[in-house]
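Here is what each chain is made of, one letter per residue.
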Amino acid sequence: MNSLVSASQIEAPTEAVEEVVRLTGVTRHFAQTAALDGVSLSIHRGEVLGLIGRSGAGKSTLIRCLNGLERVDAGEIHVQGTRITDLTERELQPLRRRIGMIFQHFNLLSAKTVEENVALPLKIAGVARAERLKRAAELLDLVGLSDKAKAFPASLSGGQKQRVGIARALAARPVLLLSDEATSALDPETTRSILTLLKDINRKLGLTILLITHEMEVVRDIADRVAVIDAGRIVEEGQVWSVFADPQTDITRSLLGGIRPQLPAQIAARLSPTAGAEAILSVDLAGPAAQGALFADLSAALPHSFRLVHGGIDHIQGQPVARFFIAVPTRDATLSGKVQQFLTARSARVEVLGYDTDHA
Ligand SMILES: Nc1ncnc2c1ncn2[C@@H]1O[C@H](COP(=O)(O)OP(=O)(O)O)[C@@H](O)[C@H]1O
Ligand SMILES: [Mg+2]
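This one's a predicted model, so the numbers in the text were calculated from it and none came from an experiment. (Residues numbered from 1 in each chain as written. Chains lettered and ligands numbered in written order. Predicted model: local features only at pLDDT ≥ 70, side-chain atom pairs only at ≥ 80, totals over all residues. Heavy atoms only, no water.)

What follows deals with the packing of helix H4 (residues 114–124) against helix H6 (residues 158–170). Between H4 and H6, the shortest axis-to-axis distance is 7 Å and the interhelical angle comes to 30 degrees. When the axes of H4 and H6 are compared, the pair comes out roughly parallel. Like other packed secondary-structure pairs, H4 and H6 cross with a definite hand, here right-handed. Facing H4, whose interface residues are Val114, Asn117, Val118 and Pro121, H6 presents Val164, Ala167 and Arg168. When grouped by side-chain class, the residues that make up the contact of H4 with H6 number five nonpolar, one polar and one charged. (Axes fitted to C-alpha atoms, helices over the stretch in contact; angles between N-to-C directions. Helix = DSSP H or I, 4+ residues; strand = E, 2+ residues; numbered from the N terminus. Parallel < 35°, antiparallel > 145°, perpendicular 65-115°, else oblique. Left-handed = near helix turned anticlockwise from the far one by under 90°. Contact = heavy atoms within 4.5 Å. Nonpolar A, V, L, I, M, F, W, Y, C, P; charged D, E, K, R; others polar.)

Here's what the structure looks like:
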């Protein structure tokens, strides 16, 4: 397959990236299941890394290995240069303080007030009461909940509870924030506000975030890079816009299915692999190539050569990512080839999906 996004577009910036976390060949088995099967992955300072995969792919196990809640069978994990894979439980304590975590079900203590929940990690770390309440007040301000300091979790909405969770995760000034499906229990509007908050914190504090989710919109909207895990293996990783524009594996294509334009079902149902009145083509474009007037130019060069069937342009990390479906009449047997040639010369990726048997 030709590559839609050229290497020069995907390469990391030339300045050296600092790795906050590095996993090398990390393997973790449960009985016959390889939850992690040789995972190598880096998390760069200041980035939001999205980790996506089907249920059971190994996402939560990876996070649990990262903060030492789960041991690894093989491989190494370095956090800020320190190898953590063979630390004792006691040696892991200071590490856990450097890693904040937020959860799908918030995990707040119901008998404690909001400010006590936020200050709890500091209490455990032995910080004096006045100091920790001051820090809790700052954090509640950061997450927009200053007026709820004395409230109890039961009186808060889901979104407010997650804001408390975020404030608590930041209390000990972590270098890394781990988020495991933190918005999965929230409605779309609340999800949006939590994502905006996380992106804000990422920018303001330069905090590195590992974001695990099965919601592709979450990754599209706030991640810088994305890694795809399947059956315990990282099968693909790269900048979000380039992976979304040009997924290289079936599993990634399937995960992204819901947010990329798909051929309308009624057309897909009558598609023949061999013959029909129109050839149905998918046309993918991304980055600079998607900025021109591609279809107007195609129309001018080859009049009446195609019909626009479906598609659209998304904007991810400021880059246009376009995916269209067009129908090309087969009356003229050479037309489809000419259209493909024209589009390919303009850096589009074109695929003949089949032939529409119905359309006159
Ligand atoms: N404590 C455990 N005991 C047995 N099997 C486990 C345990 N934790 C995870 N697994 C298995 O490991 C695989 C990966 O699980 P998990 O990391 O929770 O996936 P994800 O978070 O991507 O849904 C699954 O097959 C799961 O059943
Ligand atoms: Mg999980």
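There is more to say, and it comes next.
Moving on, we come to the nonpolar core. Counting 53 residues, the largest nonpolar core has Ile166 and Leu198 as the members making the most contacts within it. Within the second largest apolar cluster, 30 residues are counted, among which are Leu62, Cys65, Leu178 and Leu210. (Core = buried A, V, L, I, M, F, W, Y, C linked by side-chain atoms within 4.5 Å. Buried < 20%, exposed > 50% of the residue type's maximum accessible area, 1.4 Å probe, protein only.)

In this section: the site of ligand 1. Taken together, Phe30, Thr33, Ala35, Arg54, Ser55, Gly56, Ala57, Gly58, Lys59, Ser60 and Thr61 are the residues near ligand 1. A distance of 3.2 Å separates an oxygen atom of ligand 1 from a polar backbone atom of Ala57. In this structure, Thr61 approaches ligand 1 through a side-chain N or O atom, which is 2.6 Å from an oxygen atom. Coverage of ligand 1 by the protein amounts to 58% of the 560 Å² it exposes when considered alone. Listed by contribution, the elements that provide at least two residues to the shell around ligand 1 are strand E2 (33–44) and helix H2 (59–66). With three residues, H2 is the single largest residue contributor to the shell around ligand 1. Among the residues forming the shell around ligand 1, the class breakdown is three nonpolar, six polar and two charged. (Near = heavy atom within 4 Å. Polar contact = N/O pair within 3.5 Å; in protein donor to acceptor, adjacent residues only side chain to side chain. Areas by Shrake-Rupley, 256 points an atom, 1.4 Å probe, with all protein chains shown as cover.)

Turning next to the pattern of salt bridges. Counted by the stated rule, this structure contains 29 salt bridges. A salt bridge links Glu237 to Arg225, with the shortest nitrogen-to-oxygen separation between them at 3.0 Å. Taken together, the residues span a long stretch of sequence, with Glu237 in strand E10 (residues 233–239) and Arg225 in strand E9 (residues 225–230) at a distance of twelve residues. (Salt bridge = Lys/Arg side-chain N within 4 Å of Asp/Glu carboxyl O.)

This brings us to the packing of aromatic side chains. Applying the stated criterion across every chain yields a total of two aromatic pairs. Between Phe295 and Phe324, the ring centres sit 5.1 Å apart and the planes meet at 80 degrees, which makes this aromatic pair edge-to-face. Separated by 29 residues along the polypeptide, Phe295 in helix H12 (residues 294–301) and Phe324 in strand E14 (residues 319–329) bring together distant segments of the chain. Taking the relative accessible area as the measure of exposure, Phe324 reaches 13% and is therefore buried. An aromatic cluster is present here, built from Phe295, Phe306 and Phe324 joined pairwise through their rings. (Phe/Tyr/Trp six-rings, centres within 6.5 Å; stacked < 30°, edge-to-face > 60°.)

A few words now on helix H7 (residues 188–205). The end-to-end C-alpha separation of H7 is 25 Å, in line with the 26 Å expected for 18 residues at 1.5 Å each. The N-cap of H7, judged by a side-chain oxygen 3.1 Å from the amide nitrogen of Glu189 a few residues on, is Asp187. One or two positions beyond H7, positive phi appears at Gly206, with a value near 65 degrees. (Expected span 1.5 Å × (residues − 1).)

Once that is clear, we can look at unusual backbone geometry. Look at Ala231: it is not a glycine, yet its phi comes out positive at around 45 degrees. With respect to the secondary-structure elements, Ala231 resides in the loop between E9 and E10. Judged by relative accessible area, Ala231 falls into the exposed class, the value being 51%. For Ser347, which is not a glycine, the phi torsion comes out positive at approximately 70 degrees. By the element assignment, Ser347 lies in the loop between helix H13 (335–345) and strand E15 (349–356). When its relative accessible area of 42% is taken as the criterion, Ser347 is described as partly exposed.

The subject of this paragraph is helix H5 (residues 129–142). With 14 residues, H5 extends 20 Å from end C-alpha to end C-alpha; this agrees with the ideal 20 Å at 1.5 Å per step. The complete set of buried residues in H5 reads Arg132, Arg135, Ala136, Leu139 and Leu140. Burial along H5 is one-sided: seen end-on, the buried residues are contained in an arc of 135 degrees. Away from its buried face, by an angle of more than 90 degrees, H5 presents the exposed residues Ala130, Lys134 and Asp141. Its buried side turned inward, H5 meets H4 and H6. Once H5 finishes, Gly144 follows within two positions and takes phi at roughly 75 degrees, a positive value. (Arc of directions from axis to C-beta.)

The subject of this paragraph is the sheet that holds E9. Taken in spatial order, the six strands of this open sheet run E6-E7-E8-E3-E9-E10, and their pairing is mixed. Two strands bound the open sheet, and with one partner strand each, they are strand E6 (99–103) and E10. The sheet shows a mean angle of 15 degrees between the axes of neighbouring strands, taken without regard to direction. Relative to the sheet, H2 contacts strand E3 (48–52), E6, strand E7 (176–180), strand E8 (208–213) and E9, its axis offset from that of E8 by approximately 150 degrees. (Pairing = 2+ DSSP bridges.)

The subject of this paragraph is the packing of H12 against H13. One way to put it is that H12 packs onto H13 with a least axis distance of 11 Å and a crossing angle of 140 degrees. Classified by the angle between their axes, H12 and H13 sit oblique to one another. Between H12 and H13 the crossing geometry is right-handed. Along its contact with H12, which presents Leu294, Asp297, Leu298 and Ala301, the element H13 presents Val339, Phe342 and Leu343.

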